[in-house]
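What the coordinates show
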Amino acid sequence: MTTPTSPTSSPTSSGTPDGADAAVPPRDFPVRRGCPFAAPAEYEALRTDDPVARVTLPTKREAWVVSRYDDVRELLSDPRVSADIRRPNFPALGEGEQEAGARFRPFIRTDAPEHTKYRRMLLPVFTVRQVRAMRPAVQARVDEILDDMLAAGGPTDFVSAYANAVSTSVICELLGIPRENLEFFRDVTRISGSRHSTAEQVSEALGGLFGLLAGLVAERRDEPRDDLISQLVTDHLITGNVTTDQLLSTLGITINAGRETTTSMIALSTLLLLDRPELGEELRRDPSLVPAAVDELLRVLSVADSIPLRVAVEDIELSGRTVPADDGVIALLAGANHDPEQFDDPERVDFHRTDNHHVAFGYGVHQCVGQHLARLELEIALGTLLRRVPTLRLAGDRDDVTFKHDSATFGLEELMVTW
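This section reports on the structure supplied with the text.

Quick look at the packing of helix H9 (residues 199-222) against helix H10 (residues 228-237) now. Between H9 and H10, the shortest axis-to-axis distance is 9 Å and the interhelical angle comes to 70°. Between H9 and H10, the interaxial angle falls into the category roughly perpendicular. Both H9 and H10 take part in a crossing whose hand is right-handed. Here Leu216, Val217, Arg220 and Arg221 of H9 lie close against H10, whose contacting residues are Ile229, Ser230, Val233 and Leu237. Residues of the contact of H9 with H10, tallied by class, amount to 5 nonpolar, 1 polar and 2 charged.

If you want it as structure tokens, here you go:
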């Protein structure tokens, strides 16, 4: 691996990725979704005509995007790509993302052996067996949140009252964080995940989160409890396996990643079921379909579409085109998950789809460590909502629903509902 350099370094001196066809101007990226329940329409043209395409990012840096299912999986499992955010041509999509990332070092933006160490710290907590044991507690919390929402009455913002409350409560209780202010964590993610936030704004938001976590880590040193923070403090901080800053960074990304994608999935899935009531009725008639429905919704919605940001360490050939060493490259998860070569009639929402090997959680060594917990939360949150609130409906005009087009994770800003 080459030595990381300043995140403010410029792209290749020519301004064009080496080996690219200079006669073909790069496309602007990212592109907005026309339908919230599908990949951007441009992805189909990319897969067909330009599956490894040059793009210009909001930072004015150039990179490549990969849109075919096979290419995405090959790229994300290739040891010749790096996730290190400190590399000069890291394809950050936000103004302050790379500078703040280089400072706080989230482990998802690192390579082995650093990434391996942090991943192994968390893996024992997120096994299938451990997550299965969480089901009663998660169900109890979801019922409590839904009771509160129903008691307060509608209209209400579903994102805040239910989707964010569920995802944030679950991850906070797992770590052992008081849940007095769930909107605080949403605000941190809103700022740190926005493509328009400056490095100073991101650092301030994450600094507030790390300040809260630092206090809890200090408490757990003296009085361990039955929670994940205590476990990590006892097993890894006190033993010297990690520093306090490294532990805080690991906890911070676990919270941000763990709650944001799940919040978006709960809210966007609910909107889809409201738009297409026959799908909700299908799940009410046969609740055993809910696990398969969750995986199908993960595939179709692909809210973490452009999260896998990489830099080629060596020249890499995909679909007959070479991504040169040191160029940034982005694996489009929504492009892969809507590839008709892998999924028959990919735009159709089919809860009976078999062999649904989607890449909504990424692929390879950086595949989401918390995917089993995310599935559990989605199963319980959506299943409980369908069962207990069959009259849920939009409060207001469908055109007034606001989406997060400029965030690292696609989703809803607000969803006003009643019942």
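In terms of burial, strand S2 (residues 52-56) is a largely internal element, 5 of the 5 residues being buried. The two faces of S2 match: Val52, Arg54 and Thr56 on one face and Ala53 and Val55 on the other face are all buried. For strand S1 (residues 27-28) and S2, the ladder comprises 2 bridges, and the chain directions are parallel. Note on S2: the bridge partner recorded for Asp28 is Thr56. Read as a crossover between parallel neighbours, the route from S1 over helix H1 (residues 42-49) to S2 is right-handed. As defined by bridge partners, S2 adjoins strand S3 (residues 62-66) across 5 bridges and the pair is classed as antiparallel. Note that in S3 the partner of Thr56 across the bridge is Glu62. The hairpin turn running from S2 into S3, its antiparallel successor, is 5 residues long, and Lys60 in that turn takes a positive phi close to 75°.

For the rest of this paragraph, the subject is the pairing of strand S9 (residues 328-331). In S9, alternate side chains face the same way, and those of Gly328 and Ile330 on one face and Val329 and Ala331 on the other are all buried. One ladder, built from 3 bridges, connects S3 with S9; its direction is parallel. Residue pairing across strands places Trp64 opposite Val329, the latter belonging to S9. Across 3 bridges, the pairing between strand S6 (residues 309-312) and S9 is antiparallel. Of the residues in S9, the one forming a bridge with Val311 is Gly328.

What follows deals with unusual backbone geometry. Put simply, Phe29 and Pro30 share a cis peptide bond, and its omega is 5°. Counting through the fold element by element, Pro30 comes out in the loop between S1 and H1. Looking along the chain, the bond that leaves Gly154 and enters Pro155 is cis, with omega of 0°. Mapped onto the elements of the fold, Pro155 is located in the loop between helix H6 (135-152) and strand S5 (156-157).

Spatially, the 6 strands line up as an open sheet ordered S1-S2-S3-S9-S6-S4, and their pairing is mixed. Each edge of the open sheet carries a strand with a single partner, namely S1 and strand S4 (81-82). In the sheet, S4 pairs with S6 via 2 bridges, with the strands oriented antiparallel. Within the sheet, the bridge partner assigned to Ser82 lies in S6 and is Val311. Contacting S2, S3, S4, S6 and S9, helix H2 (residues 69-76) crosses the sheet at an angle of about 125° to S9.

Cut-offs applied
Residues numbered from 1 in each chain as written. Predicted model: local features only at pLDDT ≥ 70, side-chain atom pairs only at ≥ 80, totals over all residues. Heavy atoms only, no water. Axes fitted to C-alpha atoms, helices over the stretch in contact; angles between N-to-C directions. Helix = DSSP H or I, 4+ residues; strand = E, 2+ residues; numbered from the N terminus. Parallel < 35°, antiparallel > 145°, perpendicular 65-115°, else oblique. Left-handed = near helix turned anticlockwise from the far one by under 90°. Contact = heavy atoms within 4.5 Å. Nonpolar A, V, L, I, M, F, W, Y, C, P; charged D, E, K, R; others polar. Buried < 20%, exposed > 50% of the residue type's maximum accessible area, 1.4 Å probe, protein only. Pairing = 2+ DSSP bridges. Right-handed = clockwise from strand over helix to strand, strands pointing away.

Geometric values such as these leave the question of function open.
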